[in-house]
Amino acid sequence: MRKSVVVIHNPTTQAIHFTSTKLQGDDVWLPFDGKHENLHQAVEKLMVVNRIAHNVTRVERLRRCGICEEFQVIYNEFVTDTGSTKPHKASVTVLASVG
């Protein structure tokens, strides 16, 4: 089943923030250098490693708000073999360098 999440990119701090999912955390900003990394690949890797998504199908820019940019990420939800969403309470895996 396809779902979506909004991701905010702040090029000044070179970080991204998920507005929902367990990657949102308590205002967690994850490292992302938009000049040398591909946003689609970086977001997909984070979401797959953390068992949120099977894969990311599309990343679309929604708007620019000041320095930050907002993107809608469309993804195929991670499901177990039984067909239900797998609960995952482990801590978030943060990749310091995606590339």
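Here the structure is shown first, and the text comes after it.
Residues numbered from 1 in each chain as written. Predicted model: local features only at pLDDT ≥ 70, side-chain atom pairs only at ≥ 80, totals over all residues. Heavy atoms only, no water.

J.: Just checking my understanding: could you explain the side chain of Glu37 for this structure?
T.: Looking at the secondary structure, you find Glu37 in the loop between strand S3 (30-31) and helix H1 (39-49). One buried charged side chain, Glu37, makes no salt bridge at all; its nearest oppositely charged neighbour is Lys45, positioned 8.6 Å away. In terms of polar contacts, Glu37 uses its side chain to reach the backbone amide nitrogen of Asp33, at 2.6 Å. (Helix = DSSP H or I, 4+ residues; strand = E, 2+ residues; numbered from the N terminus. Buried < 20%, exposed > 50% of the residue type's maximum accessible area, 1.4 Å probe, protein only. Lys, Arg positive; Asp, Glu negative; His and termini not counted. Salt bridge = Lys/Arg side-chain N within 4 Å of Asp/Glu carboxyl O. Polar contact = N/O pair within 3.5 Å; in protein donor to acceptor, adjacent residues only side chain to side chain.)

J.: Before we go on, may I ask you to explain the pairing of strand S2 (residues 15-18) in this structure?
T.: Consecutive residues of a regular strand have side chains that alternate between opposite faces of the sheet. Side chains Ala15 and His17 of S2 all project onto a buried face; the interleaved residues Ile16 and Phe18 project onto the opposite face, where all are buried too. Inspection of the sheet shows strand S1 (residues 2-10) paired to S2 by 4 bridges, in the antiparallel sense. Paired with His9 across the two strands is Ile16, which belongs to S2. Adjacent in sequence and paired antiparallel, S1 and S2 are bridged by 4 residues, among which Gln14 carries a positive phi angle near 50 degrees. Pairing of S2 with S3 involves 2 bridges; the strand directions are antiparallel. (Pairing = 2+ DSSP bridges.)

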